[in-house]
Amino acid sequence: MSTRFDRIVEDNAWCPGCGNFSILAHLKEALDEMGLDPLKTVVVSGIGQAAKTPQYMSVHMFNGLHGRALPVAQGVKVANPSLSVIAEGGDGDMYGEGGNHFMTAIRRNAAIINIVHNNMVYGLTKGQASPTSQRGFKTSVQTEGVHVEPFNPTATAISLDASLVIRTFSGNKEHCKKMLKIAMEHKGYVLIDIFQPCVTFNKTNTFKWFKDNVYELPENYDPTDKVKAFEKALESHPFPIGVLYKSPPKMTLEDSLRDESQLNENPLYTHKVDFHALRAEMNKYI
């Protein structure tokens, strides 16, 4: 399916069969079907195979340091709240190197979508255990298997009262697109943790493994019940997918910095800065 977010790329760095391809396709289709404007959409990423996603999309993009996508994405949103901002990366990038930024972003509640490709392994650096690798998972580094419990991003997000917490699976196209659309409609920080297979470096958590180890939350599930949501986030083998938690409405970071009239009429990106005067002032303290 062609979309307004397609970009012609001569060479793609992902392995054939990688779950990143599905996430890329689902994301472009969801953005297009929601009527978002590519010129008003920004995707910020860090380092990793998943973090290459915006390079294959027709959007504004910022590819930064390992684990540092979230602070940049928050800065973009505060500077120009009219933009749709996505912070995107893998489980190592977001939960490992970027773990502190992950928790801080939840607390600040900027209206950004935090998409995490969760394949339970480091793909770019050739197969080391990631924060979400399951206990016993063997790699070329963890030759006797992982000895620690995996990091639980959804439980962590709920405990910090994240505005919206979602989990889905890249192999379930309709569910994944539906969850992405729900994320786009929400005002506030959104975590959308997406299970996806790494076909080269993770022979344990395969497409079939994920398919067999997830189940969709029932229609009568209430995501506003924080205690029940936390209990659901602790479930595993199988893992629940869907909207796990939705907090009561709360002010976003960008709204808290300025009132609505200032936000709409005088965004930060329109401010003119006298860089010569700024540098002269800074030199006083050097």
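Everything below is about the structure printed above this text.
Residues numbered from 1 in each chain as written. Predicted model: local features only at pLDDT ≥ 70, side-chain atom pairs only at ≥ 80, totals over all residues. Heavy atoms only, no water.

(A) The packing of aromatic side chains, seen in detail. What the rule picks out here adds up to 11 aromatic pairs. Consider the rings of Tyr 95 and Phe 151, whose centres lie 5.5 Å apart with planes at 55°: the pair is tilted. Note that Tyr 95 is positioned in helix α3 (residues 91–97) and Phe 151 in the loop between β4 (113–118) and α5 (153–159), a separation of 56 residues in sequence. With a centroid separation of 5.2 Å and an interplanar angle of 70°, the aromatic rings of Phe 195 and Phe 239 are classed as edge-to-face. Here Phe 195, found in strand β6 (residues 190–195), pairs with Phe 239, found in strand β8 (residues 239–246); they are 44 residues apart in sequence, far enough to count as distant. Accessibility expressed as a relative area gives 1% for Phe 195, which makes it buried. Phe 239 gets classed as buried once you look at its relative accessible area, which sits at 8%. By way of ring pairs, the aromatic residues Phe 169, Phe 195, Phe 207, Trp 209, Phe 210 and Phe 239 are connected into one cluster. (Phe/Tyr/Trp six-rings, centres within 6.5 Å; stacked < 30°, edge-to-face > 60°. Helix = DSSP H or I, 4+ residues; strand = E, 2+ residues; numbered from the N terminus. Buried < 20%, exposed > 50% of the residue type's maximum accessible area, 1.4 Å probe, protein only.)

(B) Expanded view of the packing of helix α2 (residues 69–79) against helix α4 (residues 99–108). Put simply, α2 and α4 touch, their axes get as near as 8 Å, and they point 30° apart. When the axes of α2 and α4 are compared, the pair comes out roughly parallel. Every residue of α4 that contacts α2 at Leu 70, Pro 71 and Gln 74 is listed here: His 101, Phe 102, Ala 105 and Arg 108. When the residues that make up the contact of α2 with α4 are grouped by side-chain class, the tally is 4 nonpolar, 2 polar and 1 charged. (Axes fitted to C-alpha atoms, helices over the stretch in contact; angles between N-to-C directions. Parallel < 35°, antiparallel > 145°, perpendicular 65-115°, else oblique. Contact = heavy atoms within 4.5 Å. Nonpolar A, V, L, I, M, F, W, Y, C, P; charged D, E, K, R; others polar.)

(C) Looking closely at the state of the cysteines. Tallied over the entire structure, the rule returns 0 disulfides. No disulfide involves Cys 18; its nearest neighbouring cysteine sulfur is the one of Cys 198, lying 6.4 Å away. Cys 18 sits in the buried class, given a relative accessible area of 12%. In this model Cys 176 remains outside any disulfide bridge; the closest cysteine sulfur is found in Cys 18, 13 Å from its own. Owing to a relative accessible area of 0%, Cys 176 belongs among the buried residues under this scheme. (Disulfide = S-S within 2.5 Å.)

(D) Region of the structure containing the sheet that holds strand β1 (residues 41–45). The strand order β2-β1-β3-β4-β6-β5-β8-β7 describes an open sheet built from 8 strands, whose pairing is mixed. Lying at the two open borders of the sheet, with one neighbouring strand each, are β2 (60–63) and β7 (214–216). When strand polarity is set aside, the average angle formed by the axes of neighbouring strands in this sheet is 25°. As paired elements, strand β5 (residues 164–169) and β8 share 4 bridges and run antiparallel to each other. Across the sheet, the residue bridging to Val 165 is Tyr 245, located in β8. Relative to the sheet, helix α1 (residues 19–33) contacts β3 (84–90), β4 and β6, its axis offset from that of β4 by approximately 155°. Most of the contacts of α2 go to β3, to which it runs at about 175°, and overall it touches β1, β2, β3 and β4. (Pairing = 2+ DSSP bridges.)

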